[in-house]
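One-letter residues, chain by chain:
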Amino acid sequence: DVKVTQSSRYLVKRTGEKVFLECVQDMDHENMFWYRQDPGLGLRLIYFSYDVKMKEKGDIPEGYSVSREKKERFSLILESASTSQTSMYLCANEVPGYGYTFGSGTRLTVV
Amino acid sequence: AQSVAQPEDQVNVAEGNPLTVKCTYSVSGNPYLFWYVQYPNRGLQFLLKYITGDNLVKGSYGFEAEFNKSQTSFHLKKPSALVSDSALYFCAVRDSPGTYKYIFGTGTRLKVLA
């Protein structure tokens, strides 16, 4: 089974800081996704990638960017953190036809 | 546009009773449907999926779901609830044919009372 690891479980950052959220999968899978989860809103797609150096915007990309230099690593970047970006961030890896495997999530608080 | 709805924010059920968590969807083409469960401060875990085949799908931890094409529903069920089933449940549908994006419902909190 694929394992998806998010580097931080809890993170506290200051407004205006540049924040990096790291996600690593241990298989040679192509499809990776970043979601944020907020109460009452479910999961909303921020960015996704189907291959190295490839990225596509999801439904709420504003204020975020991503990096995928290697197939196993997909990083989410908050260019200038704001309090509205306080949320649970979930990374997922998809095996076509089998659904997603999620990381444990990073709960980010921006103060 | 593709969409998925979970009409109940919370479902309460007594331990030992059957449980149902509802999900309806709207997609073009054949739906890929999924259920995930989330325990506190954790990521989502896969429970079961429907892609094709039998309408009744069996998954992890004794859960099952019934695909109903005419009612565009994919309700999650379990014959006898456990307190440990208390968690947040998400229904998801593939966004559109040929993509790997999934659309998630807003989640239903299941509370099983001892």
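Structure: above.
Residues numbered from 1 in each chain as written. Chains lettered and ligands numbered in written order. Predicted model: local features only at pLDDT ≥ 70, side-chain atom pairs only at ≥ 80, totals over all residues. Heavy atoms only, no water.

### Observations regarding unusual backbone geometry
All names here are of chain B. Even without being glycine, tyrosine 61 reaches a positive phi, approximately 60°. Counting through the fold element by element, tyrosine 61 comes out in the loop between strand S7 (56–58) and strand S8 (64–68). Overall, tyrosine 61 belongs to the partly exposed group, its relative accessible area being 49%. Of note in the backbone geometry, threonine 72 takes a positive phi value of approximately 45° without being a glycine. Examined against the element boundaries, threonine 72 turns out to sit in the loop between S8 and strand S9 (73–78). (Helix = DSSP H or I, 4+ residues; strand = E, 2+ residues; numbered from the N terminus. Buried < 20%, exposed > 50% of the residue type's maximum accessible area, 1.4 Å probe, protein only.)

### Comments concerning the interface of chain B and chain A
Taken together, the contact pairs 20 residues of chain B with 25 residues of chain A. Between chain B and chain A the total buried area reaches about 1,800 Å² when both faces are included, carbon and sulfur atoms providing 55% of it. Here chain B and chain A share six residue pairs in polar contact (both at pLDDT 80 or more) between them. Of all the secondary-structure elements, those providing two or more residues to the side of chain B that touches chain A are strand S5 (33–38), strand S6 (44–50), strand S10 (87–94) and strand S11 (102–104) of chain B. Across the side of chain B that touches chain A, the residue classes break down as eleven nonpolar, six polar and three charged. (Contact = heavy atoms within 4.5 Å. Buried area = accessible area lost by both parts, 1.4 Å probe. Polar contact = N/O pair within 3.5 Å; in protein donor to acceptor, adjacent residues only side chain to side chain. Nonpolar A, V, L, I, M, F, W, Y, C, P; charged D, E, K, R; others polar.)

### Considerations on the pairing of S9(B)
Residues and elements named next belong to chain B. Judged by how many residues are buried, S9 sits mostly within the fold: five of six residues are covered. Where strand S3 (residues 19–21) and S9 come together, three bridges link them in antiparallel fashion. In the strand pairing of S9, valine 21 is matched with leucine 76. Where S8 meets S9, five bridges bridge the pair, whose relative direction is antiparallel. What sits directly across from asparagine 68, in S9, is serine 73. The hairpin formed by S8 and S9 contains four residues between the paired strands, and threonine 72 there has a positive phi angle of roughly 45°. (Pairing = 2+ DSSP bridges.)

### Considerations on the state of the cysteines
Residues and elements named next belong to chain B. Tallying each qualifying case throughout the model produces two disulfides over all chains. The disulfide partner of cysteine 23 is cysteine 91, and the S-S distance across this bridge is 2.0 Å. Measuring the twist about the S-S bond at about -60°, one finds the cysteine 23-cysteine 91 disulfide to be left-handed. One end of the pair, cysteine 23, is in the loop between S3 and strand S4 (24–26); the other, cysteine 91, is in strand S10, with 68 residues separating them in the sequence. For the pair shown, cysteine 23 and cysteine 91 are each scored as buried. (Disulfide = S-S within 2.5 Å.)

### Considering the layout of surface pockets
As a volume, the largest pocket reaches approximately 540 Å³. As for the largest pocket, its lining consists of 23 residues, of which A:Tyr100, A:Thr101, A:Phe102, B:Gln45 and B:Phe46 are closest to the centre. Of all the secondary structure elements, the ones that give two or more residues to the lining of the largest pocket are strand S11 (99–102) of chain A together with S6 of chain B. Class assignment for the residues of the lining of the largest pocket results in eleven nonpolar, eight polar and four charged. Looking at the second largest pocket, its volume works out to about 430 Å³. Lining the second largest pocket we find 23 residues, and of these A:Gln37, A:Pro39, B:Gln38, B:Leu88 and B:Arg109 sit closest to its centre. Contributing elements (two or more residues each) for the lining of the second largest pocket: strand S5 (31–38), strand S10 (87–95) and strand S12 (106–110) of chain A together with S10 and strand S12 (108–113) of chain B. Looking at the lining of the second largest pocket, the element that brings in the most residues is S10(B), giving three residues. (1 Å grid on protein atoms, 1.4 Å probe; cavity = no way out; pocket = protein on both sides within 12 Å on 5 of 7 lines; lining within 4 Å. Points joined across faces, edges and corners; volume = space filled by probe spheres on them.)

### Here we look at the environment of A:Met88
With respect to the helices and strands, A:Met88 occurs in strand S10. For A:Met88, a relative accessible area of 3% corresponds to the buried category.

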